[in-house]
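Breakdown of the fold
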Amino acid sequence: MSEKNRAGERSARERLAEERAREQAAEKRRRTLKVLGISVATLAVVGGIGLAAGNTGSDRGTDGPPPEPIAQGPAGAPATLTVYEDFRCPACAQFETYYKDTIRDLQGEGKLRTEYHLVTIIDDGLGGQGSTRAANAVICAEDAGRFSEYHDLLFEEQPAERTDAFADRETLIGLAARINGLDTEEFRDCVLGETHADRVARTNAAFRDSEYGATPTVLLNGESVYGDPSDPLTVERLRELVEEIAGE
């Protein structure tokens, strides 16, 4: 075989190897994220972007049924809002900024109960521990009766998605100091020891196995009310829907 033919054969093998490497990388990316999701309703209202649910990450503590969500509002409310969110998710922060006052008002009026599922898909998709540790810290705040205040504060102070600043447990404790009565020895021990890590992992595993693909996912009495570009959810529309359910 001539040197020219040998060089051509090597070049073909190299091209084939490069193509196989590209295919393997693409398949790895497909396994990492189910969908590259965009929260269309948030785009329409406040310009936010949602992240899709991933299939990677630790399976720590995922045996057994998913835990109960964190519920706020009266148990007998006619309407139930189910929210799946991630503390590293920018679209989730925008959802909370835009809707939280209306949600709290409807809860106070006895019309709405809100059930929060704290998931960690950005840790899964981008790496890091900020979603997991923030979710654990918020459940620690729930133990102390300060869920709403701390939940809202983390979204208000949400760092850039890729910095993973909430992975620093001292940052989470420092934010708790801004809420009256939360920065206690019990809360610190809960945050530092990641007391609720297994609960967080089981919640996230259930979400990854569900039909839902991105955060935030928002359901009203089990029906999706967020993400339809033809009927974007506004605060006025949310109140209208809840009051229809309540018979008003």
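Per chain, residues are indexed from 1 in the order of the written sequence. The predicted nature of this model means local features are confined to residues of pLDDT at least 70 and side-chain atom pairs, given and counted, to a pLDDT of 80 or more, with totals for whole chains, interfaces and linings taken over all residues. Processing note: side-chain calculations cover all non-hydrogen atoms of the structure and skip hydrogens and water entirely.

1. Thoughts on the nonpolar core
Heads up, the rule is: Only buried Ala, Val, Leu, Ile, Met, Phe, Trp, Tyr and Cys residues count toward a nonpolar core, and they belong to the same one when joined by side-chain atoms within 4.5 Å. A simple rule labels every residue: compare its accessible area, found with a 1.4 Å probe on the protein chains alone, to the largest value its type can have, and call it buried under 20%, exposed over 50%, or partly exposed in between. Between two residues, a contact is recorded if the distance between any of their heavy atoms is within 4.5 Å.
Formed by 54 residues in total, the largest nonpolar core has its most connected members in Y150 and L154. Residues in contact with Y150, not counting those within four places in the same chain, are A137, V138, A141, L172, L175, A176, I179, L182 and F187.

2. Things to note about empty space enclosed by the protein
Our working definition: Cavities and pockets were defined on a 1 Å grid built from protein atoms only: a cavity is a group of points that admits a 1.4 Å probe but offers it no way out, a pocket is an open group of points flanked by protein on both sides within 12 Å along at least five of seven lines, and a lining residue is one with an atom within 4 Å of any such point. Grid points are joined across faces, edges and corners, and a volume is the space filled by probe spheres set on the points. Helix and strand assignments follow DSSP, with helices taken as H or I runs no shorter than four residues and strands as E runs no shorter than two, numbered in order from the N terminus. In this classification, Asp, Glu, Lys and Arg are treated as charged, Ala, Val, Leu, Ile, Met, Phe, Trp, Tyr, Cys and Pro as nonpolar, and every other residue, Gly included, as polar.
Across all of its chains, the model carries 1 cavity of 30 Å³ or more by this definition. Quantified by volume, the largest cavity comes out at close to 70 Å³. If you list the elements that add at least two residues to the lining of the largest cavity, you get strand 4 (112-118) and helix 9 (197-208). When residues in the lining of the largest cavity are grouped by element, the largest group, 3 residues, is from strand 4. In the lining of the largest cavity, the residues fall into 6 nonpolar, 2 polar and 2 charged.

3. Quick notes on the side chain of N136
Mapped onto the elements, N136 comes out in helix 5 (residues 130-143). Once you skip the residues sitting within four places of it in the chain, N136 turns out to touch C190, V191, E194, T195, H196, A197 and V200.

4. Describing the packing of aromatic side chains
Operational definition: Centre distance within 6.5 Å is the pairing criterion for rings of Phe, Tyr and Trp, where only the six-membered ring of Trp is used; planes under 30 degrees apart are then read as stacked, over 60 as edge-to-face, and the remainder as tilted.
Inspection of every chain in the model, using the stated rule, returns 9 aromatic pairs. When the ring of Y84 is compared with that of Y212, the centres are 5.6 Å apart and the planes differ by 40 degrees; the resulting orientation is tilted. With a gap of 128 residues between them, Y84 in strand 3 (residues 79-85) and Y212 in the loop between helix 9 and strand 5 (214-215) connect regions that are remote in the sequence. By relative accessible area, which is 14% here, Y84 ends up buried.

5. Here we look at the state of the cysteines
Condition: Two cysteine sulfurs form what is called a disulfide whenever their separation falls within 2.5 Å.
Applying the stated criterion to the full structure yields 1 disulfide. Note on cysteine connectivity: C140 is disulfide-linked to C190, with sulfurs 2.0 Å apart. Judged by the sign of its S-S torsion, about -85 degrees, the bond between C140 and C190 is left-handed. Remark: C190 occurs in helix 8 (residues 185-192) and C140 occurs in helix 5; sequence separation between them is 50 residues. Neither C140 nor C190 differs from the other in exposure class; each is buried.

6. Looking at the pattern of salt bridges
What counts, and what does not: Salt-bridge detection follows one rule: a side-chain nitrogen of Lys or Arg within 4 Å of a carboxyl oxygen of Asp or Glu.
Scanning all chains against the criterion turns up 14 salt bridges. Close ionic contact of K111 with E109 constitutes a salt bridge, the shortest N to O distance being 3.0 Å. Among the salt bridges present, the one from D183 reaches R188, with a minimum N-O distance of 2.8 Å. Exposure remark for D183: the relative accessible area of 29% places this residue in the partly exposed category. Exposure remark for R188: the relative accessible area of 35% places this residue in the partly exposed category.

7. Regarding the confidence of the model for the protein
Threshold: The score called pLDDT rates the predictor's confidence residue by residue, from a low of 0 to a high of 100.
Averaged over every residue, the pLDDT of the protein is 83; the share at 70 or more is 75%. Long-range and interchain partners of residues 23-49, a stretch whose pLDDT sits below 50, account for 55 contacts in this model, where long-range means more than four residues apart.

8. With respect to the packing of helix 5 against helix 6 (residues 147-156)
Just so we agree on the cut-off: All axes are obtained by fitting lines to C-alpha atoms, using only the stretch in contact for helices, and the reported angles, taken between N-to-C directions, cover 0 to 180 degrees. Roughly parallel means an angle under 35 degrees; roughly antiparallel means over 145; roughly perpendicular covers 65 to 115; every other angle is labelled oblique. Left-handed describes a crossing in which the near helix is turned anticlockwise from the far one by less than a right angle; the clockwise case is right-handed.
For the pair helix 5 and helix 6, interaxial distance at closest approach is 8 Å and the crossing angle is 155 degrees. The pairing of helix 5 with helix 6 is recorded here as roughly antiparallel in orientation. Relative to helix 6, the crossing made by helix 5 is right-handed. Touching A134, A137, V138, A141 and E142 of helix 5 are F147, Y150, H151 and L154, all from helix 6. Split by residue class, the contact of helix 5 with helix 6 holds 7 nonpolar, 1 polar and 1 charged.

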